[in-house]
Amino acid sequence: MPLKNVLFRLALRITMNRADAEDVVQETMIRVWNRRDEWEQIESMEAFCLTICRNLSLDKLRRMDNHAETLSASHDPQDNSYGANPEEQIVQRDRLMMVRRLIEQLPEKQRSCVQLRDIEGKSYKDIATIMNISEEQVKVNIFRARQTIKEQFQKIR
């Protein structure tokens, strides 16, 4: 259960639907439990769980074809970096929501890489393992995603 929130955020970023993400996390936990006899051979349980979660999320996405649904964030952390100034807090929150919407519009690979790196704090190596791509591909996807977000953000502002 310690990975439940991480799995949920990953599934939510991919499926962009709360109910689907919850289903994916539940199915992930069931699959991991059913493979408990293999746990000792698994080098990184977290990477193993995230890989299963990502694959199940992509499968659900393909089946449901829900690319058009919007992300309803499950957790909106307050940014208190501007202290007691409510106006600045509102501006910061609006910017954060704008960036989230831009992330949602990225292609799936870029969106997943950004989620795992910038939000979950995973290493390039871990992301490569989870997504079954090279570290170089991870870096390229993150670079392209950040460039796209930056360009779109500047257009909107």
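Look above for the structure.
For clarity, every value in this text was computed on a predicted model and none was experimentally measured.

**Student:** Describe the nonpolar core, listing the residues and the values that go with them.
**Tutor:** Core analysis: the largest hydrophobic core is formed by 31 residues, its most contacted members being L7, L50, C113, L116, I127, M131 and V138. Contributions of two or more residues to this core are made by α1 (4-15), α2 (18-34), α3 (45-64), α5 (108-119), α6 (124-131) and α7 (135-156). Once residues lying within four places of it in the same chain are set aside, the contact partners of M131 are R54, K109, S112, C113 and L116. M98, I103, L106 and I149 belong to the second largest nonpolar core, which has 8 residues in total.

**Student:** Tell me about α2, residues and numbers included.
**Tutor:** Taking 1.5 Å per residue, 17 residues should reach 24 Å; α2 reaches 24 Å between its end C-alpha atoms and fits that length. All of the buried residues along α2 are D20, A21, V24, V25, T28 and V32. The buried residues of α2 occupy an angular sector of 140° when the element is viewed end-on, so they sit on one face. What points out from α2, more than 90 degrees from its buried face, is the exposed set Q26 and N34. The N-cap residue of α2 is N17: its side-chain oxygen and the backbone nitrogen of A19 are 3.0 Å apart.

**Student:** Quick rundown of the packing of aromatic side chains? Include the residues and the values.
**Tutor:** All chains considered together, the criterion is met by 1 aromatic pair. Ring centres 5.9 Å apart and planes at 70° place the aromatic pair W33 and W39 in the edge-to-face group. We note R117 situated over the ring of Y124; from NZ or CZ to the ring centre the distance is 4.2 Å. The ring of Y124 has K139 lying over it, and the distance from NZ or CZ to the ring centre is 5.5 Å.

The rules behind the values
Residues numbered from 1 in each chain as written. Predicted model: local features only at pLDDT ≥ 70, side-chain atom pairs only at ≥ 80, totals over all residues. Heavy atoms only, no water. Core = buried A, V, L, I, M, F, W, Y, C linked by side-chain atoms within 4.5 Å. Buried < 20%, exposed > 50% of the residue type's maximum accessible area, 1.4 Å probe, protein only. Helix = DSSP H or I, 4+ residues; strand = E, 2+ residues; numbered from the N terminus. Contact = heavy atoms within 4.5 Å. Expected span 1.5 Å × (residues − 1). Arc of directions from axis to C-beta. Polar contact = N/O pair within 3.5 Å; in protein donor to acceptor, adjacent residues only side chain to side chain. Phe/Tyr/Trp six-rings, centres within 6.5 Å; stacked < 30°, edge-to-face > 60°. Lys NZ or Arg CZ within 6 Å of the ring centre and 35° of its normal.

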